[in-house]
Amino acid sequence: MRIGEWDHDAFVAQVKNFHGHVAPGVIIGGYMVEMARRTLPEGILYDAISETVQCLPDAIQLLTPCTVGNGWLRVYHFGIYALTLYNKQTGEGTRVRLNVDALQEYPHVRAWFFKEKPKREQEPELLQAEIKAAGMQLLQAIPARIHPDFLVRRGKGAVCRCPKCGEWYPAVLGEVCRICQGDGPYERHAD
Ligand code: ZN
């Protein structure tokens, strides 16, 4: 079965190159993207949603024109292994998720998904073989409709200077920048 322009093994090589290792989540994610895209009419412009920050954004960025940087891929921190592709005009699209009820037949995928075994006890070759054999059989596609509020793209608006640290940021985010509001990853900021 083809995944975008690649067959399974060629896609695995792409994932190794882009993601750094052959992550099962990205390989299955490739089939998820392929399954969602096959439901969309040819030639439409579509946007993408990933419901997790892990693995799926990379599958989407490898296989579609949608990236985080161009704004056509929106990533949510829900930790849910599912993605959606949708018509960016109408919001009509398809959400694809792992069909957890079908995993009895795929014990290695099941062990991976539920983290049933510590990583050193998992058998990566058997897992990869199962993923290749299963293809889209692991998956479930459901029609999805995006809320109209999410179809409107807003600019970031006026830019202002943070009175605390002097950094420039979109004024809509508050009186001081998000980092000075305490949302940043740094131990110290502009003291
Ligand atoms: Zn600041």
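Above this text is the structure in question.
Presented here is a report on the structure given in the accompanying data block. Given the structure is predicted, the values throughout are model-derived calculations rather than measurements.

Scoring rules and cut-offs
- Residues numbered from 1 in each chain as written.
- Predicted model: local features only at pLDDT ≥ 70, side-chain atom pairs only at ≥ 80, totals over all residues.
- Heavy atoms only, no water.
- Buried < 20%, exposed > 50% of the residue type's maximum accessible area, 1.4 Å probe, protein only.
- Helix = DSSP H or I, 4+ residues; strand = E, 2+ residues; numbered from the N terminus.
- Pairing = 2+ DSSP bridges.
- Donors = N, O, S within 2.8 Å, 3.2 Å for Na, K, Ca; no water.
- Tetrahedral: all angles 85-135°; square planar, octahedral: opposite > 155°, others 65-115°.

**As for the pairing of strand β3 (residues 82-87)**
Working step 1: For β3, the buried fraction is high: six of the six residues fall into the buried class.
Working step 2: Going residue by residue along β3, you find Ala82, Thr84 and Tyr86 tucked away on one face and Leu83, Leu85 and Asn87 tucked away on the opposite face as well.
Working step 3: Relative to β3, strand β1 (residues 46-50) is paired through five bridges, and the arrangement is antiparallel. Within β3, the position partnered with alanine 48 by the bridge is leucine 85.
Working step 4: Of the pairings in the sheet, the one linking β3 to strand β4 (residues 92-98) comprises five bridges and is antiparallel in character. What sits directly across from threonine 84, in β4, is arginine 95.
Working step 5: Linking β3 back to β4 in an antiparallel pair, the connection comprises four residues, with glycine 91 at a positive phi of about 80 degrees.

**Some details on the coordination of the zinc ion**
Working step 1: Donor atoms from the polypeptide that bind the zinc ion are Cys162 (SG), Cys165 (SG), Cys177 (SG) and Cys180 (SG), placed at 2.3 to 2.4 Å.
Working step 2: The site at the zinc ion holds four donor atoms, and with the angles between them running 106 to 117 degrees, its shape is tetrahedral.
Working step 3: All donor residues of the zinc ion come from one chain, and their arrangement in sequence is C-x2-C-x11-C-x2-C. Neither cysteine 177 nor cysteine 180 differs from the other in exposure class; each is buried.

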